[in-house]
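Descriptive structure summary
Here is how the chains run, residue by residue.
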Amino acid sequence: LTRLVRKRFPLPEKSLALSTSASSQGISVSSTLLALAAVSDKALAKIQRKYARVERQLAAAKPRWCAFLSLGVVEAEEMKRGADADRVARSFKACEAMLEEIFRLTGVWKEAWTPENVMVCYQEVDRALDAAQRVLKGLDDFNARHNELSRPFRLCCGINEGNVVIFEDSKLQKVADHVIDVAGHMQKSARPNTLWLSSEVYDRLRQKSAFSPA
């Protein structure tokens, strides 16, 4: 182990100075420990560089206008309770495939999935609305053709939009913003098989039909 550490992590001047100082006082410091100390210094320097890079990105970032659509399966645990495990797996996988296809068709930008919920990001609110309407209109056909469970799939949907600091390579699940939180709250407040959004978002829609005050 000592030879390996020496070979891969040659001792820096700081560690050599420590060794010389310790030896002058009659203290034995192994090369392995000195090399591990050097590794720790390198790891710390790497973390510092990473945070410095993130700080520069945030300083230069300009918020972009995004629309977020949150969807959740209603009473998912009750749907699974007592059902055959294979039927549960196939039915939920089929639901996921249906949603993925709709998101693809409507030009989704980013997605973040959990077992019974999904948050998706669009760069235009009308695309998010199109996706939500396709999902809700397609549920009857999906339940008739692909759902193997005794209870139907029902979904709650919520939309919100606003300026969010988000990068091309950002993973949606890593982005924390009030705009996203509101979309999630809208979904949780919505009744089964409905889409909820604020009056401010509604006023900016090009297609306003089929909505009513909640």
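The following refers to the structure shown. On a predicted model such as this, the values are computed, not experimentally measured, just so you know.

Focus on the side chain of E116
Following the sequence through the fold, E116 ends up in the loop between strand 2 (110-113) and strand 3 (117-122). The exposure class assigned to E116 is buried, which follows from its relative accessible area of 19%. A polar atom in the side chain of E116 sits 2.5 Å from the side chain of K80. Excluding anything up to four places from it in sequence, E116 contacts L71, G72, V73, A76, E77, K80 and F92.

Regarding the pairing of strand 4 (residues 155-164)
Burial runs high along strand 4: nine of the ten residues are buried. With ten bridges joining them, strand 1 (residues 64-73) and strand 4 adopt antiparallel strand pairing. Bridged to R64 within strand 4 is V164. Relative to strand 5 (residues 194-197), strand 4 is paired through four bridges, and the arrangement is parallel. Along strand 5, the bridge assignment pairs G158 with W196. Regarding topology, helix 7 (residues 178-189) serves as the crossover connection from strand 4 to the parallel strand 5, and that connection is left-handed.

Considerations on the pairing of strand 1
For strand 1, the tally of buried residues reaches eight of ten residues, placing the bulk of the element in the interior. By the bridge criterion, six bridges tie strand 1 to strand 3 in an arrangement that is antiparallel. Residue G72 lies in a different strand from strand 3, and its bridge partner there is N117.

Structural notes on helix 7
Helix length check: helix 7 (twelve residues) gives 16 Å between terminal C-alpha atoms against 16 Å at 1.5 Å per residue, within 8%. For helix 7, the set of buried residues is V179, I180, V182, A183, G184, M186 and Q187. Structurally, the start of helix 7 carries an N-cap: the backbone nitrogen of V179 is 2.9 Å from a side-chain oxygen of D177.

Regarding helix 6 (residues 125-145)
With 21 residues, helix 6 should reach 30 Å at 1.5 Å per residue; the first-to-last C-alpha distance of 30 Å fits that figure. At L139, helix 6 shows its maximal kink, close to 45 degrees. Residues of helix 6 that are buried include every one of V125, D126, A128, L129, A131, A132, V135, L139, F142 and N143, and no others. Looking at the buried residues of helix 6, the elements they touch are strand 1, helix 5 (85-105), strand 3, strand 4, strand 5 and helix 8 (199-203).

Describing the pattern of salt bridges
Under the defined criterion, the tally for this structure stands at 13 salt bridges. Salt-bridge contacts for K80 lead to E116; the nearest nitrogen and oxygen are separated by 2.5 Å. Of this pair, K80 sits in helix 4 (residues 76-80) while E116 sits in the loop between strand 2 and strand 3, and the two are 36 residues apart along the sequence. The salt bridge partner of E161 is R204, with a shortest N-O separation of 2.6 Å. On the criterion of sequence distance, the pair formed by E161 in strand 4 and R204 in the segment after helix 8 is long-range, its members being 43 residues apart. Overall, E161 belongs to the buried group, its relative accessible area being 8%. Of the residues examined, R204 reaches a relative accessible area of 40% and is grouped as partly exposed.

Thresholds, definitions, all that
- Residues numbered from 1 in each chain as written.
- Predicted model: local features only at pLDDT ≥ 70, side-chain atom pairs only at ≥ 80, totals over all residues.
- Heavy atoms only, no water.
- Helix = DSSP H or I, 4+ residues; strand = E, 2+ residues; numbered from the N terminus.
- Buried < 20%, exposed > 50% of the residue type's maximum accessible area, 1.4 Å probe, protein only.
- Polar contact = N/O pair within 3.5 Å; in protein donor to acceptor, adjacent residues only side chain to side chain.
- Contact = heavy atoms within 4.5 Å.
- Pairing = 2+ DSSP bridges.
- Right-handed = clockwise from strand over helix to strand, strands pointing away.
- Expected span 1.5 Å × (residues − 1).
- Bend = angle between axes of the 7 residues up to and from the residue.
- Salt bridge = Lys/Arg side-chain N within 4 Å of Asp/Glu carboxyl O.

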